[in-house]
Each structure stands twice: as structure tokens, then as C-alpha cells.
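Here's the letter readout for the chains.
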4 protein chains.
Amino acid sequence: MTSESTSNSTKDIILERALEQYMEVGYKGLSMRNIAQKVGISATAIYRHYSNKEALFHQIIKTGFGTYTKYLMPALEADTAEKRFRQTLENALNFVLDHPKYFELIFVKSDTKDELANHDDLRKDSKISFDFYSARIHECIKEGVFKEDHPGEVSVLLLASFTGFFSLYIGGLLPRSEDEVRALYWRTVNRILNGISIT
Amino acid sequence: MTSESTSNSTKDIILERALEQYMEVGYKGLSMRNIAQKVGISATAIYRHYSNKEALFHQIIKTGFGTYTKYLMPALEADTAEKRFRQTLENALNFVLDHPKYFELIFVKSDTKDELANHDDLRKDSKISFDFYSARIHECIKEGVFKEDHPGEVSVLLLASFTGFFSLYIGGLLPRSEDEVRALYWRTVNRILNGISIT
Amino acid sequence: MTSESTSNSTKDIILERALEQYMEVGYKGLSMRNIAQKVGISATAIYRHYSNKEALFHQIIKTGFGTYTKYLMPALEADTAEKRFRQTLENALNFVLDHPKYFELIFVKSDTKDELANHDDLRKDSKISFDFYSARIHECIKEGVFKEDHPGEVSVLLLASFTGFFSLYIGGLLPRSEDEVRALYWRTVNRILNGISIT
Amino acid sequence: MTSESTSNSTKDIILERALEQYMEVGYKGLSMRNIAQKVGISATAIYRHYSNKEALFHQIIKTGFGTYTKYLMPALEADTAEKRFRQTLENALNFVLDHPKYFELIFVKSDTKDELANHDDLRKDSKISFDFYSARIHECIKEGVFKEDHPGEVSVLLLASFTGFFSLYIGGLLPRSEDEVRALYWRTVNRILNGISIT
DNA sequence: TATGAATGAGTATTCATTCAT
DNA sequence: GATGAATGAATACTCATTCAT
């Protein structure tokens with residue numbers, strides 16, 4: 001129960017199966033019946049644990065953001081801004097490789113946006129992870145690791161690049177082997193940091 | 001409304017409303033009833049124009065790819081590799097600003113991937129636009145506009161960056177004003193080309 | 001146009017295709033759309049020729065009875081009761097072999113019974129063919145070809161036997177070759193006439 | 001209502017009403033809505049008991065064959081081939097009088113043939129009853145009850161006759177009173193066994 | 001905690017038919 | 001004679017949810 005992917009209670013198993021099914025078919029395709037079948041309980045048993053479909057979905061997103069934050073946070077333990085920044089990139093990569101479905105849920109699925117728009121608590125969770133990223137970049141600029149530049153816009157650039165990179169990975173357009181993806185990731189990071197054009 | 005995507009036949013109106021609704025709720029949420037209601041015809045009248053829901057969706061995607069390609073192609077008229085590359089970026093930006101829903105459909109929605117997986121004709125359409133992008137980058141490397149580098153990996157970087165940038169825009173995380181987005185886009189392009197770190 | 005199975009007018013072609021489709025799927029499965037498609041005209045064009053689905057079906061049955069009667073009648077030309085009886089059996093067999101679908105329509109399909117129940121003209125057509133049969137049997141008893149027996153009950157026996165025989169044939173439970181069926185038919189007729197048990 | 005086919009569970013009631021409706025309108029005309037209405041439950045409640053329309057129809061046929069077999073089997077207890085044969089005829093008659101709709105379903109309806117063609121288990125059920133019939137006839141020939149004759153062809157004759165007789169009964173062409181039909185049945189049986197013609 | 005029965009709204013789709021052309 | 005567009009009713013089926021047990 002303390003590990004982020006293992007759990008034993010029926011409630012947690014429902015959540016896991018629901019996440020899996022959601023990633024396949026989206027919110028509208030998410031079916032209490034189908035989840036129940038995968039869990040091995042009756043459809044109505046779910047209502048013992050979640051008051052309705054939306055409450056269950058809400059919990060899926062909440063768990064996604066929580067897991068993401070758990071991955072990012074340890075980067076704070078490094079002792080320089082650059083190390084904290086690079087560790088954040090490493091942690092984000094690990095998150096995506098470990099939980100591609102959560103990444104997709106958080107960064108890609110539009111259902112999530114709708115849910116964010118309507119629920120303050122989720123918006124707060126979302127802000128935490130975005131801000132973490134920005135803070136690392138601000139640090140780097142402040143400490144001279146990056147060129148003197150507009151911190152918000154550099155954040156945009158990096159966030160866009162990494163989100164895009166992961167999207168390509170999720171979409172199956174990058175090499176499948178984890179080692180290859182890791183290596184390509186860091187080469188891509190370096191290209192972005194150093195630029196690709198001649199002058 | 002004055003843009004080139006407007007048309008008057010019932011068939012085209014259905015297509016437009018279907019696209020709109022698809023972007024809100026995905027394939028599973030796409031409802032023939034609902035489309036019909038928005039168009040102002042009976043639910044079954046749609047079948048006069050599209051044989052079924054999937055045929056309608058297929059046409060949505062096909063039109064999306066077709067429109068995208070129409071935006072990209074004119075870049076070939078420029079007379080240097082770099083100009084063709086920059087014009088391609090410009091055209092892609094215009095496409096996203098003019099047709100954000102088509103962008104989302106093509107680059108983000110997973111339903112589209114399923115459809116691509118099952119239909120050769122769509123896969124061909126998809127390949128055309130991806131290859132166009134790659135070809136521009138290869139040219140630039142070959143002609144010394146970019147550093148000597150692995151062309152495929154530079155493609156990955158650029159594709160990831162722009163896809164990510166547009167995703168942020170679509171997701172509402174960038175300034176709304178078109179002028180501001182355009183300016184930010186080009187500053188971001190330049191940062192990627194030139195790098196952001198000091199050495 | 002004078003032959004019972006060939007015709008050229010659209011009206012007749014519709015009738016033929018409708019009969020074919022009816023035999024496959026029954027009245028409820030009979031579809032104006034589907035008939036039209038087989039004929040090669042639009043669904044609504046049928047209404048130029050038949051005022052609605054029931055009128056079309058009515059004509060199918062009427063044609064079926066008419067054709068059956070046309071097969072039976074020539075038996076009257078034979079010069080003895082027994083010859084007329086045997087010729088009637090021969091003609092009925094020919095009708096079934098030539099038009100198995102009409103046989104099925106007339107003797108098996110319950111939709112036909114419904115239609116008969118509601119339409120006097122069809123009931124009259126039906127009576128003509130049944131009476132023809134009975135009349136041949138009455139003749140045979142009267143002229144001593146058959147044992148002195150209850151004519152109505154002998155009719156029942158013969159009608160049951162031949163209807164049943166044809167049903168087995170239609171149902172695919174008898175040999176397929178026409179020659180074999182013909183031979184088996186006559187052996188069966190003789191067994192019925194002569195009995196099968198020892199005493 | 002006091003007969004052995006009545007039962008009280010919703011599942012069984014659905015089956016009975018479905019059978020009734022099927023006999024009126026055939027498979028295509030069989031409507032889940034309509035069955036539900038007759039049972040007095042909502043249209044969708046049926047799916048709690050039968051996974052879909054075909055599963056329900058399948059069960060109808062299966063029950064029909066099962067019932068028929070239950071009627072025939074006790075004939076085996078008689079102690080001579082002739083008695084077993086005559087008892088089989090008696091049992092078949094009882095089956096038809098008790099369950100005319102099942103008879104029609106099994107021997108007449110073409111939908112059943114389609115279903116048989118596609119489902120091994122039903123085909124097996126069907127074979128059991130046909131073989132039972134044949135076996136009784138073979139016995140009779142072997143034991144000299146019938147003339148030395150081709151057993152398969154005698155089977156055809158008898159099967160055809162009785163199927164045809166019952167068809168006439170079902171079709172309303174025979175006397176309605178059960179006693180009269182029983183008497184006519186046995187007179188017809190005797191006529192078939194003994195022949196009707198003079199020589 | 002869990003289940004089975006049931007419901008009512010909603011889904012895609014087919015159909016006979018009408019109407020304007 | 002024929003068509004294409006459209007309609008409204010009907011069909012099988014799925015779904016979230018409630019309730020009694």
C-alpha cells in the first residue's frame with residue numbers, strides 16, 4: 001500500500017483497473033460494468049467504494065498527480081541548481097517510463113482538462129507539479145547555468161520539448177527499448193540546451 | 001466563417017459539427033443523434049450522407065490530414081533550404097492557429113491512432129505530412145544550415161518541440177492573443193536553434 | 001412476359017427479387033431498400049409500381065398460387081381418373097422442382113397464412129388448388145381405383161404425405177439430384193398406395 | 001397452465017413469451033421490447049437473463065428439442081418393436097397436441113434451420129430425435145413387422161407423412177377437437193401401413 | 001461488503017414512407 | 001418513371017444507477 005503501484009484493497013484494485021480501461025477508451029468509454037468485470041466483482045459493488053463514476057475518475061486523476069509529484073520531489077536533495085534541474089528531468093523520464101498511462105492522463109487527455117476546470121483541488125495538484133518545474137528553471141537562470149533569458153519563456157520551451165518528446169514516445173514513434181529511449185532523451189536534452197544551428 | 005473550411009452542403013455541415021463534437025467528447029462520446037441535432041436535421045438523416053459513424057469519423061481525419069498538407073506544401077516554393085524550413089514552421093503555426101481542432105485530432109487524440117492503425121489510406125496521408133517535415137530538416141543539415149548532426153534525431157527534437165508547443169497552446173497554457181503566440185513561437189524556435197545554456 | 005418465370009418490366013423484376021428475398025428472410029425481413037438495391041433502382045422507385053410493402057407481398061402470393069394452378073390444370077386432359085390423378089402428382093412435383101420457393105411460400109410460410117386470413121381473393125386462389133387435388137381423389141375412389149374409403153380422409157393422407165415429402169426435400173433432407181428425387185418420389189407414392197406393412 | 005412447461009422464474013417466463021411471439025412473427029420479427037412488455041418488465045431487463053436475442057432464441061430451440069426428446073423416449077419401455085413404433089407415433093402426436101408451437105419451431109420454421117446450421121449443440125439435439133424415429137422403423141423391418149423394404153426410404157415416407165399430417169393440423173386444415181384429430185391420426189396411420197389402393 | 005434484478009436514458013442503425021424535383 | 005433528402009418509429013443493445021437482500 002505504500003508503494004505507488006502495488007495495492008491490495010478492493011478499492012485500490014478498482015482504481016488500477018479503471019485507470020487501465022480509461023487509457024484505452026477515454027471517459028465516455030469507461031464503464032462501471034467493465035471495470036467490475038476486470039476486478040472480478042459485480043458492477044454495483046463499485047458503489048461501495050466510489051459514490052459514482054465521476055468520483056472514481058476524480059480519484060484516478062488525483063492519484064496521477066500525486067504519483068507524479070512523488071517522482072519529482074526527491075530532486076530537491078541535490079546540491080546545485082543544475083543538478084536539481086537535471087535530476088528533475090531524470091525523474092520526469094522515470095515517471096513516464098514507469099507510468100506512461102499517468103503521463104498521458106495528466107498531459108494529454110482532454111477529459112482531465114475538463115475535470116481540472118471544475119475542481120479546485122485537482123487544479124492545486126496540477127499547479128504543484130508545474131511550479132516545481134518552473135522553479136528549477138528559474139534557479140538555473142539565476143545561478144548562471146542558463147543564458148540570461150526570460151525564465152517563463154524558457155520554461156515554455158523546456159516544458160513543450162519534454163512533453164512533446166514523451167508524446168512521441170507514448171505514440172510509438174520512438175525506439176521501444178527503454179535504454180535507447182533514455183539515451184535519445186539525454187542527447188535531445190543536450191541539443192536543446194546547446195542549440196542545433198551553426199551560428 | 002470566411003475561412004476556406006466553410007461550406008454549405010448538408011454533408012459538409014455534418015462533417016464540421018461532427019469535428020467540433022468529437023473534439024469535446026472523443027470518438028466514444030461522438031453521438032449521431034447529437035450531431036444531427038446541432039445540424040438541425042433528424043438523427044437518421046446523417047445516414048443519407050455517411051454510411052455509419054466510423055465512415056464519418058474516417059472522413060473527419062482524412063479532411064484533417066488533407067488540410068494540414070495543404071498548409072505545408074506552399075513552403076516548397078521558397079528558394080533555399082532554410083527558407084523552406086522556416087516557411088514550413090510558419091505554415092504549421094498557421095494551421096494550428098486556424099484549425100486548432102484539426103491539430104489536436106492529428107497529433108494528440110488517441111482515437112486517431114486507432115483509426116490510422118486500421119486504415120492504410122489514412123496512414124498514407126499521415127506519412128506524407130511527417131515526411132515533409134523530415135525532408136526539410138535533412139535539407140538544412142545537408143546544406144550546412146544546421147550543425148552536422150544525426151538528421152533523424154534532430155527531426156525528433158524539432159517535432160517534439162513544436163508538437164509540445166502547440167499542445168501547450170491548445171491546452172490554454174500560453175497567451176491567448178494570436179499575435180503574442182506568434183511572437184513567442186518564433187522566439188522559442190530561435191532558442192531551440194541556438195540553444196539556451198551557456199556552454 | 002407470357003412465360004411464368006421470365007419477365008422484363010421493372011414491375012415484374014421487382015416481384016421476382018422480392019420473392020427471392022422473402023424466402024431468405026421472411027416478411028419482416030423483407031426490405032424495400034434491399035429489393036430496390038437488387039433490382040438496381042432507388043428504394044422509392046418501388047412505390048411507382050406497388051403502393052406499399054403489403055401490396056407487393058400480396059402480389060407475390062397471388063403469383064405463387066397462380067403459377068401452381070397453371071401447373072396442375074393440364075392434368076385434366078388425361079382420359080382416366082387414375083391418369084388424371086397420377087398426372088396431378090407429376091405436375092405438383094414439377095412445380096416444386098421448378099419453383100421450390102413458391103412451394104415453400106404456399107405450403108410452409110406462416111406469413112402467407114396471415115395474408116390468406118385477411119384477404120378473400122387469396123383465399124379463393126388457395127381453395128382452387130386444394131379442391132383440384134380433392135377432386136382427383138374423389139374421382140379415383142368413385143371409379144374404383146382406390147379402395148372404398150372416406151374420400152376426405154384419403155385426401156388428408158395424400159395431401160399430408162406429399163406436402164411432407166416436399167418439405168423434406170426443401171429442407172435438404174433428401175438427395176439433391178433431381179433424377180433421384182423424382183425416382184424416390186414415385187417409389188414413395190407407390191408405397192403409400194400399396195401400404196408398407198405385412199398384413 | 002398446469003402443464004409441465006410452466007414455471008415461475010422471470011427467466012422462464014421470458015422464454016415462454018418469446019416462444020409465443022416467435023411463432024407469430026419469426027426471428028426477424030421477434031422483438032426484445034415486445035417480449036419484455038408481455039412479460040411485464042423493462043426492455044433491458046431481459047439482458048439480465050439472456051445475453052442477447054440470439055442467445056434467447058438458441059434457448060428456445062434447445063428447449064423445444066429437449067421437450068420433444070422427453071416425449072419420445074418412454075416409448076423404449078415397450079417390449080416389442082411394433083409396440084415401440086406405435087408408442088413413438090403416439091408420443092409424437094401427444095407432443096404436437098401439447099406443444100404445437102414447438103412442433104412448428106422444430107419441423108417447419110426455416111429460422112431454426114439457420115440456427116441448426118451454425119450451432120453444433122443444436123444439431124446434435126436434432127439428430128437425437130431424428131435417429132430415434134429411424135431406429136424404430138429399422139427395428140420393425142428387421143423383426144418382420146413391415147414388408148422387407150428399404151429402411152431409409154420407409155423412414156422418409158413415414159417422416160414425410162407425419163410431418164405433413166401435423167403441418168395440416170397446425171395450419172388449421174384438420175378438425176379442431178383433440179379427440180377427432182387423434183382418431184383421424186390413427187386411421188391415417190393404418191391407411192399408410194396398409195395402403196389405400198386396391199391392388 | 002457484496003449481489004442480482006431492474007430501470008430509464010441513451011447509443012447506432014434500419015425501415016417504410018413522403019415529398020420536392 | 002425515377003431520384004435524393006428527409007422523417008419518425010422501431011430495433012438490439014449498453015450504461016450508470018437504485019434497491020432489496
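Model, not experiment: these values are computed from the prediction.

Definitions and limits used
- Residues numbered from 1 in each chain as written.
- Chains lettered and ligands numbered in written order.
- Predicted model: local features only at pLDDT ≥ 70, side-chain atom pairs only at ≥ 80, totals over all residues.
- Heavy atoms only, no water.
- Contact = heavy atoms within 4.5 Å.
- Salt bridge = Lys/Arg side-chain N within 4 Å of Asp/Glu carboxyl O.
- Polar contact = N/O pair within 3.5 Å; in protein donor to acceptor, adjacent residues only side chain to side chain.
- Helix = DSSP H or I, 4+ residues; strand = E, 2+ residues; numbered from the N terminus.
- Nonpolar A, V, L, I, M, F, W, Y, C, P; charged D, E, K, R; others polar.
- Near = heavy atom within 4 Å.
- UniProt positions renumbered as here; feature names shortened; annotations may be inferred.
- Axes fitted to C-alpha atoms, helices over the stretch in contact; angles between N-to-C directions.
- Parallel < 35°, antiparallel > 145°, perpendicular 65-115°, else oblique.
- Core = buried A, V, L, I, M, F, W, Y, C linked by side-chain atoms within 4.5 Å.
- Buried < 20%, exposed > 50% of the residue type's maximum accessible area, 1.4 Å probe, protein only.
- 1 Å grid on protein atoms, 1.4 Å probe; cavity = no way out; pocket = protein on both sides within 12 Å on 5 of 7 lines; lining within 4 Å.
- Points joined across faces, edges and corners; volume = space filled by probe spheres on them.
- Least-squares fit on C-alpha atoms with pLDDT ≥ 70 in both.
- Buried area = accessible area lost by both parts, 1.4 Å probe.
- Domains from an automatic or database assignment.
- pLDDT = per-residue confidence, 0-100.
- Phe/Tyr/Trp six-rings, centres within 6.5 Å; stacked < 30°, edge-to-face > 60°.
- Lys NZ or Arg CZ within 6 Å of the ring centre and 35° of its normal.

**Observations regarding the interface of chain B and chain A**
Here is step 1: On the chain A side, the residues contacting the 42 residues of chain B number 42 residues.
Here is step 2: The salt bridge partner of Arg187 of chain A is Glu153 of chain B, with a shortest N-O separation of 2.5 Å.
Here is step 3: Inspection of the chain B/chain A interface yields ten residue pairs in polar contact (both at pLDDT 80 or more).
Here is step 4: Counting only elements with at least two residues in the side of chain B that touches chain A, the list comes to helix 1 (10-29), helix 6 (110-118), helix 8 (151-170) and helix 9 (178-194) of chain B.
Here is step 5: Per-element accounting of the side of chain B that touches chain A gives the leading share, eleven residues, to helix 8 of chain B.
Here is step 6: Broken down by class, the residue content of the side of chain B that touches chain A amounts to 20 nonpolar, twelve polar and ten charged.

**Side note on the protein's contact with DNA strand E**
Here is step 1: If you check the shell around DNA strand E, you find 30 residues, and the closest are Ser42 of chain A, Arg33 and Thr44 of chain B, Thr44 of chain C together with Ser42 of chain D.
Here is step 2: Taking all atoms of DNA strand E within 4 Å of the protein, the share assigned to sugar and phosphate is 46%.
Here is step 3: Contacts to DNA strand E include Lys53 of chain B, whose backbone N or O atom sits 2.8 Å from a phosphate oxygen.
Here is step 4: Between Ser42 of chain D and DNA strand E, the recorded distance is 2.5 Å, taken from a backbone N or O atom to a phosphate oxygen.
Here is step 5: Contributing elements (two or more residues each) for the surface near DNA strand E: helix 2 (32-39) of chain B together with helix 2 (32-39) of chain C.
Here is step 6: When the residues that make up the surface near DNA strand E are grouped by side-chain class, the tally is ten nonpolar, 14 polar and six charged.

**Considering the UniProt feature "DNA-binding region" (unreviewed entry) in chain A**
Here is step 1: According to UniProt, the "DNA-binding region" (unreviewed entry) feature falls on residues 31-50 of chain A.
Here is step 2: For residues 31-50 of chain A, the end-to-end C-alpha separation is 13 Å, with 40% helix and 0% strand making up the annotated structure.

**Some points on the packing of helix 3 (residues 53-72) of chain C against helix 5 (residues 100-107) of chain C**
Residue and element names in this part refer to chain C.
Here is step 1: At a closest axis distance of 9 Å, the pairing of helix 3 and helix 5 adopts a crossing angle of 110°. On the basis of their axis angle, the class for helix 3 and helix 5 is roughly perpendicular. Contact residues: Phe57, Ile60, Ile61, Thr63, Gly64, Phe65, Thr67 and Tyr68 in helix 3; Tyr102, Leu105, Ile106 and Phe107 in helix 5.
Here is step 2: Residue composition of the contact of helix 3 with helix 5, grouped by class: nine nonpolar, three polar and no charged.

**Points about the nonpolar core**
Here is step 1: Counting residues in each nonpolar core, the largest one holds 125 residues, and the members touching the most others are Phe146 of chain C together with Phe146 of chain D.
Here is step 2: Of all hydrophobic cores here, the second largest spans 123 residues; its members include Tyr102 and Val154 of chain A together with Met32 and Ile137 of chain B.

**Here's the deal with the layout of surface pockets**
Leftover empty space is mapped by rolling, across the atoms, a probe with the size of a water molecule.
Here is step 1: Its boundaries defined by the atoms lining it, the largest pocket holds a volume of some 1,100 Å³.
Here is step 2: If you go around the largest pocket, you meet 47 residues; those closest to its centre are Phe107, Val108, Lys113 and Thr163 of chain A together with Ser167 of chain B.
Here is step 3: Of all the secondary structure elements, the ones that give two or more residues to the lining of the largest pocket are helix 5 (100-108), helix 6 (110-118), helix 7 (120-142) and helix 8 (151-170) of chain A together with helix 5 (100-107), helix 6, helix 7 (120-142) and helix 8 of chain B.
Here is step 4: Per element, the largest residue contribution to the lining of the largest pocket is eight residues, and it comes from helix 8 of chain A.
Here is step 5: Broken down by class, the residue content of the lining of the largest pocket amounts to 25 nonpolar, 13 polar and nine charged.

**Examining the relation of the copies chain D and chain C**
These two copies of the chain differ by a rotation about an axis and a displacement along the same axis.
Here is step 1: When chain D is fitted onto chain C, the two copies agree to an RMSD of 0.3 Å after a turn of 179° and an axial shift of 0.1 Å. Taken together, the rotation angle and the small translation identify this as a two-fold axis. Minimal C-alpha distance to the rotation axis in chain D is attained by Gly195 of chain D, lying at 1.7 Å.
Here is step 2: In this assembly, 98% of the residues forming the interface of chain D have copies in chain C that are likewise at the interface, indicating an isologous arrangement.

**With respect to the interface of chain D and chain C**
Here is step 1: If you look at the interface, chain D gives 42 residues, while chain C gives 42 residues.
Here is step 2: Of the roughly 3,700 Å² buried between chain D and chain C on both sides combined, carbon and sulfur atoms contribute 61%.
Here is step 3: Inspection of the chain D/chain C interface yields ten residue pairs in polar contact (both at pLDDT 80 or more).
Here is step 4: Residue assignment for the side of chain D that touches chain C shows that the elements contributing at least two residues are helix 1 (10-29), helix 6 (110-118), helix 8 (151-170) and helix 9 (178-194) of chain D.
Here is step 5: Ranked by the residues each element gives to the side of chain D that touches chain C, the list is headed by helix 8 of chain D, at eleven residues.
Here is step 6: A breakdown of the residues in the side of chain D that touches chain C according to their chemical character gives 20 nonpolar, twelve polar and ten charged.

**Brief notes about the protein's contact with DNA strand F**
Here is step 1: The local shell around DNA strand F holds 30 residues, among which Thr44 of chain A, Ser42 of chain B, Ser42 of chain C together with Arg33 and Thr44 of chain D are the closest.
Here is step 2: One of the side-chain N or O atoms of Thr44 of chain B is found 2.9 Å from a base oxygen in DNA strand F.
Here is step 3: At a separation of 3.1 Å, a base nitrogen of DNA strand F approaches a polar side-chain atom of Arg48 of chain C.
Here is step 4: Taken together, the elements giving at least two residues each to the surface near DNA strand F come down to helix 2 (32-39) of chain A together with helix 2 (32-39) of chain D.
Here is step 5: In terms of residue class, the surface near DNA strand F is made up of ten nonpolar, 14 polar and six charged.

**Concerning the side chain of Asn94 of chain D**
Here is step 1: Note that Asn94 of chain D resides in helix 4 (residues 81-98).
Here is step 2: With residues near it in sequence (within four places) discarded, Asn94 of chain D still touches Tyr71 and Arg182 of chain D.

**A look at the relation of the copies chain B and chain A**
Here is step 1: The two copies are related by a screw motion: chain B maps onto chain A through a turn of 179° and a shift of 0.1 Å along the axis, at an RMSD of 0.2 Å.
Here is step 2: In this assembly, 98% of the residues forming the interface of chain B have copies in chain A that are likewise at the interface, indicating an isologous arrangement.

**With respect to the UniProt feature "domain: HTH tetR-type" (unreviewed entry) in chain A**
Here is step 1: According to UniProt, the positions carrying the feature "domain: HTH tetR-type" (unreviewed entry) are residues 8-68 of chain A.
Here is step 2: End-to-end, the C-alpha atoms of residues 8-68 of chain A are 21 Å apart, and along that stretch the chain is 72% helix and 0% strand.

**Here's the deal with the domain arrangement of chain A**
Residues and elements named next belong to chain A.
Here is step 1: As assigned here, chain A comprises domain 1 (1-50) and domain 2 (60-194).
Here is step 2: In total, about 1,000 Å² of surface goes out of reach between domain 1 and domain 2, with carbon and sulfur atoms giving 68% of it.
Here is step 3: For the pair domain 1 and domain 2, the interface holds one residue pair in polar contact (both at pLDDT 80 or more).
Here is step 4: A per-class count over the side of domain 1 that touches domain 2 returns six nonpolar, two polar and two charged.

**Side note on the confidence of the model for chain A**
Here is step 1: The predicted model of chain A has a mean per-residue pLDDT of 90, with 94% of residues at 70 or higher.
Here is step 2: Here residues 1-5 of chain A scores under 50 on pLDDT; set against residues more than four positions off or in separate chains, the count is seven contacts.

**Notes on the packing of aromatic side chains**
Here is step 1: With the rule as written, the count across this model stands at 56 aromatic pairs over all chains.
Here is step 2: Here Tyr22 of chain A and Phe57 of chain A contribute two aromatic rings whose centre-to-centre distance is 4.9 Å and whose plane-to-plane angle is 45°, an arrangement assigned as tilted. Taken together, the residues span a long stretch of sequence, with Tyr22 of chain A in helix 1 (residues 10-29) and Phe57 of chain A in helix 3 (residues 53-72) at a distance of 35 residues.
Here is step 3: Taking the relative accessible area as the measure of exposure, Tyr22 of chain A reaches 0% and is therefore buried.
Here is step 4: Centre to centre, the rings of Tyr27 of chain B and Phe57 of chain B are 4.9 Å apart; their planes meet at 50°, and the pair counts as tilted. You can see Tyr27 of chain B sitting in helix 1 and its partner Phe57 of chain B sitting in helix 3 (residues 53-72), a full 30 residues away along the chain.
Here is step 5: Judged by relative accessible area, Tyr27 of chain B falls into the partly exposed class, the value being 22%.
Here is step 6: Judged by its relative accessible area of 1%, Phe57 of chain B falls in the buried class.
Here is step 7: In this structure an aromatic cluster arises from ring pairing among Tyr68, Tyr71, Phe95, Phe103, Phe107, Phe130, Phe162, Phe165, Phe166, Tyr185 and Trp186 of chain A.
Here is step 8: Here the basic side chain of Arg136 of chain A rests over the ring of Phe132 of chain A, its NZ or CZ set 4.7 Å away from the ring centre.
Here is step 9: The positively charged end of Lys109 of chain B is found above the aromatic ring belonging to Tyr22 of chain B, 5.3 Å away from the centroid.

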